[in-house]
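Single-letter residue listing:
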Amino acid sequence: MAGYFNSILTGTKSLVTGLLITQAEFFKKPVTLQYPHESLEMTPRYRGHIQLVKNPETGTHQCISCGMCQKGCPSGCITLKGVKQEGVKGKVLVQYDLDFTTCSLCGQCIENCKPGAIEFSLEYNLASTNKEDFHYDLLERVKEQK
Amino acid sequence: MGSQALSQNNETFEINLGPQHPATHGVLRVKLTMDGEYIVDAEPVLGYIHRMHELMGENRTWAKYLPNMGRIDYLSALSYNLGYVQLVEKMMGIEVPERAEYIRVLTTEMNRISSHLLWFGAFVLDLGGFTPLLYAFDDREHILDLLESVTGSRLTYCYYRFGGLYNDVDDDFLTGCTQFLKRLRSRMPMYHKLVTGNVILRQRLVGVGPLSAEMCRKYGATGPVLRGSGVNYDVRKNEPYSIYPELDFDVPVYSDGDSMARYMVRMDEIEQSMRIVEQCIAKMPQGEIKAPKVPKLIKPAIGDYYHAVEAARGTFAIRAVSDGKNQAYRMKLRAPTFCNLSLYQEASKGMLLADALAFMGSLDLVIPEIDR
């Protein structure tokens, strides 16, 4: 019988302890963000999809079409093409496509890039019902970039 | 107890737990043969999220296999990163700078804390308590923010490189870690008060799912499951790697073998990981974060290589056979949860269904890691 009342007592005590702790949270500021209305800014090292770095002086990218990013990519999601053009030293980049559906954001392309022509973007609000929306033409994007 | 649970007319029925059931935390299916509320047999059916990670390791160059590591166990991805890069460093004889080692251990231990916090929240949620999950996620969020500021990702990290790291940590990160530890230290008593001391939790865990050390040995269980059964085995102490021998920490061991013991081991491990992180911050040397000479093309000498690390769920080991080419001939990943789950069938016989779910939660299963 004593055990019965004892367990009621410890149970009530345990319940009250829990309630006191949770109650204290009522008076604290919320830790969450009202997401679509507010959103966080990503840290500078955040790994979004890759993009070509825009050189502010020339207004264009710095890619030399060496293809090292393509070679180093574990998922084979980079397709690029450089062609020889008269009067220009080296190859000229004419196509740089990223298939973001298979990218695992490991950063090996960026590490392989000697001229530092690619970087991670800070974009993370990416959602679509169409897979094609994640096939990026990075050459086109660098032109639009401010 | 199994035979006692069977009714006299021996009528049983089968039900499926999963593959989509909140308590299995993923796509694990357990085929249960029940006698009323009692389990006669529980057969785990695996393979719903099998991604052929081992085969991928045999078809990719050593460097290209690196991002796979974060996807095996997405909750303690850095331990897996560490295991793999250390294996390759062992094969190639690459010396890692001391600063890189300290940062590796620091980030791995932070990852272990975040993994345990998630387990804590999810486990209590399985038992019917919703609030602690939110508190645990609040704390875990701080770790994810800190790790994101350094590694760039929040879950599937790919931070370590052969011979070092992807990039260095700054003072802000170290200060952030110190502040977080202060915060977590002040929160731990609250967790113990709210959850550990709770009568309902104790009644659902104490004495439930007892595992003997013998059974753990039989199935190769490691990590908190083994340490909860009274066996003092931790790869960080038994086969020390990285800078762990220089650090002062204890291995929590509980001998009861029940779900409560496994719970306590993990809660104590959070404290020990905090100690490790503190020491890493205090001892952090200056210097390089990448070995000066790392061969561009990784072609290990012909041989059989093995390396094990202590992940959040137990011993994660890789056995790689190299035939001298730039890809592995054989890549074997020993995932701790696979072994920890394999004892479930034998141990859950005769248990009540509700107890079996509490027991499953105490094993801390990560299904993608079981299937690999």
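Residues numbered from 1 in each chain as written. Chains lettered and ligands numbered in written order. Predicted model: local features only at pLDDT ≥ 70, side-chain atom pairs only at ≥ 80, totals over all residues. Heavy atoms only, no water.

## Here's the deal with the overall build of chain B
Okay, step 1: A count of helical and extended segments in chain B gives 16 helices and 8 strands.
Okay, step 2: Rg of the C-alpha trace for chain B: 21 Å, near the compact-globule value of 21 Å for 372 residues, within the 12% margin.
Okay, step 3: Taken along the three principal axes of its C-alpha coordinates, chain B extends 75 × 50 × 30 Å.
Okay, step 4: A total of 372 residues make up chain B; the buried ones form 59% of that total. (Helix = DSSP H or I, 4+ residues; strand = E, 2+ residues; numbered from the N terminus. Rg over C-alpha atoms; globule rule 2.2 N^0.38 Å. Buried < 20%, exposed > 50% of the residue type's maximum accessible area, 1.4 Å probe, protein only.)

## Focus on the sheet that holds strand β8 (residues 328-334) of chain B
All names here are of chain B.
Okay, step 1: Read from one edge to the other, the open sheet built from 3 strands follows the order β6-β7-β8, with strand pairing classed as antiparallel. The open sheet has two edge strands, β6 (303-311) and β8, and neither has a second partner. Looking at each pair of strands side by side, their axes are set apart by 15 degrees on average, direction ignored.
Okay, step 2: Here β6 pairs with strand β7 (residues 314-322) via 9 bridges, running antiparallel. For Val309, the partnering residue across the bridge sits in β7 and is Phe316.
Okay, step 3: Contacts between helix α4 (residues 77-92) and the sheet are confined to β6, β7 and β8, with β6 contributing the most and set at about 150 degrees to the helix. (Pairing = 2+ DSSP bridges. Axes fitted to C-alpha atoms, helices over the stretch in contact; angles between N-to-C directions. Contact = heavy atoms within 4.5 Å.)

## Topic: the confidence of the model for chain B
The predicted coordinates ought not to be read in detail in places where the model reports low pLDDT.
Okay, step 1: Averaged over every residue, the pLDDT of chain B is 88; the share at 70 or more is 97%.
Okay, step 2: Within the model, pLDDT remains below 50 along residues 1-5 of chain B, and this stretch shows 6 contacts once partners closer than five positions in the same chain are excluded. (pLDDT = per-residue confidence, 0-100.)

## Focus: the pairing of β7(B)
Taken residue by residue, a regular strand's side chains alternate between the two faces of the sheet.
Residue and element names in this part refer to chain B.
Okay, step 1: The buried count for β7 comes to 8 of 9 residues, which makes it a mostly enclosed element.
Okay, step 2: Between the end of β6 and the start of β7, which pair antiparallel, lie 2 residues.
Okay, step 3: As paired elements, β7 and β8 share 6 bridges and run antiparallel to each other. Across the sheet, the residue bridging to Arg319 is Lys332, located in β8.

## Here we look at the sheet that holds strand β1 (residues 13-17) of chain B
Residue and element names in this part refer to chain B.
Okay, step 1: Read from one edge to the other, the open sheet built from 3 strands follows the order β1-β2-β3, with strand pairing classed as antiparallel. Looking at which strands have only one partner, the edges of the open sheet turn out to be β1 and β3 (38-45). Each neighbouring strand pair of the sheet contributes to a mean axis angle of 25 degrees, computed without reference to strand direction.
Okay, step 2: For β1 and strand β2 (residues 29-35), the ladder comprises 5 bridges, and the chain directions are antiparallel. Across the sheet, Phe13 pairs through a bridge with Met34, a residue of β2.

## Points about the packing of aromatic side chains
Okay, step 1: If you walk through the whole model with that rule in mind, you get 15 aromatic pairs over all chains.
Okay, step 2: Summarising the aromatic geometry, the rings of A:Tyr46 and A:Tyr124 are spaced 6.2 Å apart at their centres and angled 70 degrees between planes, so their arrangement reads as edge-to-face. Separated by 78 residues along the polypeptide, A:Tyr46 in the loop between α1 (2-24) and β1 (50-52) and A:Tyr124 in the loop between β4 (118-120) and β5 (135-137) bring together distant segments of the chain.
Okay, step 3: Judged by its relative accessible area of 15%, A:Tyr46 is buried.
Okay, step 4: Looking at A:Tyr124, the relative accessible area reads 27%, which means it is partly exposed.
Okay, step 5: On the numbers, 5.0 Å between centres and 65 degrees between planes, the contact of B:Phe120 with B:Tyr191 is edge-to-face. Of this pair, B:Phe120 sits in helix α5 (residues 98-126) while B:Tyr191 sits in helix α7 (residues 171-196); the two residues are 71 residues apart in sequence, bridging distant segments of the chain.
Okay, step 6: By relative accessible area, which is 1% here, B:Phe120 ends up buried.
Okay, step 7: For B:Tyr191, a relative accessible area of 0% translates into the label buried.
Okay, step 8: In this structure an aromatic cluster arises from ring pairing among B:Trp119, B:Phe120, B:Phe123, B:Tyr191 and B:Tyr263. (Phe/Tyr/Trp six-rings, centres within 6.5 Å; stacked < 30°, edge-to-face > 60°.)

## Some remarks on α4(B)
Residues and elements named next belong to chain B.
Okay, step 1: Over its 16 residues, α4 runs 23 Å from end to end, which matches the ideal 22 Å to within 8%, given 1.5 Å per residue.
Okay, step 2: Summarising burial for α4: 14 of the 16 residues are buried, a large majority.
Okay, step 3: Positive backbone phi, at 65 degrees, marks Gly93, one or two positions downstream of α4. (Expected span 1.5 Å × (residues − 1).)

## Some thoughts on the pairing of strand β2 (residues 78-84) of chain A
All names here are of chain A.
Okay, step 1: Bridging between β2 and strand β3 (residues 91-99) involves 7 bridges; their strand directions are antiparallel. Across the sheet, Gly82 pairs through a bridge with Leu93, a residue of β3.
Okay, step 2: What sits between the antiparallel neighbours β2 and β3 is a turn of 6 residues, in which Gly87 has the positive phi angle 80 degrees.

## Description of the interface of chain B and chain A
Okay, step 1: Taken residue by residue, the interface counts 29 residues in chain B and 26 residues in chain A.
Okay, step 2: Between chain B and chain A, a total of about 2200 Å² is buried, with carbon and sulfur atoms accounting for 50% of that surface.
Okay, step 3: Our count for the contact surface shared by chain B and chain A stands at 1 salt bridge.
Okay, step 4: Residue B:Arg161 is joined to A:Glu111 by a salt bridge in which the shortest nitrogen-to-oxygen separation is 2.6 Å.
Okay, step 5: Where chain B packs against chain A, one counts 11 residue pairs in polar contact (both at pLDDT 80 or more).
Okay, step 6: For the side of chain B that touches chain A, the secondary-structure elements that each account for two or more residues are α3 (66-72), α6 (131-151) and α7 of chain B.
Okay, step 7: Of all the elements, α6(B) adds the most residues to the side of chain B that touches chain A, at 7 residues.
Okay, step 8: Of the residues in the side of chain B that touches chain A, the class split is 10 nonpolar, 8 polar and 11 charged. (Buried area = accessible area lost by both parts, 1.4 Å probe. Salt bridge = Lys/Arg side-chain N within 4 Å of Asp/Glu carboxyl O. Polar contact = N/O pair within 3.5 Å; in protein donor to acceptor, adjacent residues only side chain to side chain. Nonpolar A, V, L, I, M, F, W, Y, C, P; charged D, E, K, R; others polar.)

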